[in-house]
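Chain by chain, the residues run as shown.
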Amino acid sequence: MIEIVTPAPKGSLHGNRVTALRWQDFLEELGYAVLVTESWSGSDAAVLMALHAYRSHSSIMEFHKKHPNRPIINSRTPSL
């Protein structure tokens, strides 16, 4: 299962929520189970995707502490 964390609340039309739902649809079409949350649910997710690295920092750190070898994808833009 992939968990997508976004600071935008359920029902919101803010960009991060819209992006999370678009990723959810895309990944589910590929056959993955996807959960969209405002903060890490404590689930046994194989991957955590955080759409706002700053606002999702606590979720990223908690997930990493519990699952240090599992991938975390965040929306931080790499420096060029």
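Residues numbered from 1 in each chain as written. Predicted model: local features only at pLDDT ≥ 70, side-chain atom pairs only at ≥ 80, totals over all residues. Heavy atoms only, no water.

Trainee: So what exactly am I meant to see when it comes to the overall build of the chain here?
Mentor: Scanning the chain for helices and strands turns up 2 helices and 4 strands. Written out in order from the N terminus, the α and β elements of the chain read β-α-β-β-α-β. For 80 residues, the compact-globule formula gives about 12 Å, and the C-alpha radius of gyration of the chain, at 12 Å, lands near that figure. With respect to the principal axes defined by its C-alpha atoms, the chain has extents near 30 × 30 × 25 Å. (Helix = DSSP H or I, 4+ residues; strand = E, 2+ residues; numbered from the N terminus. Rg over C-alpha atoms; globule rule 2.2 N^0.38 Å.)

Trainee: Is there a simple way to think about the pairing of strand 1 (residues 2-5) in this case?
Mentor: The side chains of a regular strand alternate between the sheet's two faces. Going residue by residue along strand 1, you find I2 and I4 tucked away on one face and E3 and V5 tucked away on the opposite face as well. Note: strand 1 against strand 2 (residues 34-37), 4 bridges, orientation parallel. Its bridge partner being in strand 2, V5 is matched across the sheet by T37. Where the polypeptide runs from strand 1 across helix 1 (residues 15-29) and back to strand 2, its parallel neighbour, the crossover connection is right-handed. With 4 bridges joining them, strand 1 and strand 3 (residues 47-50) adopt parallel strand pairing. By the bridge assignment, E3 is partnered in strand 3 with L48. (Buried < 20%, exposed > 50% of the residue type's maximum accessible area, 1.4 Å probe, protein only. Pairing = 2+ DSSP bridges. Right-handed = clockwise from strand over helix to strand, strands pointing away.)

Trainee: Quick question: what am I supposed to make of helix 1 here?
Mentor: Three or four residues apart is the spacing at which side chains of an α-helix point the same way, because the helix has 3.6 residues per turn. For helix 1, spanning 15 residues, the distance from its first C-alpha to its last is 21 Å, which sits close to the expected 21 Å at 1.5 Å a residue. Along helix 1, the positions that sit buried rather than exposed are R17, A20, Q24 and L27. What you see down the axis of helix 1 is that its buried residues fit within an arc of 95 degrees, all on one side. Of the residues in helix 1, the exposed ones pointing more than 90 degrees away from the buried face are R22 and E29. Lining the buried residues of helix 1 we find strand 1, strand 2 and strand 3. (Expected span 1.5 Å × (residues − 1). Arc of directions from axis to C-beta. Contact = heavy atoms within 4.5 Å.)

Structural measurements only, silent on function.
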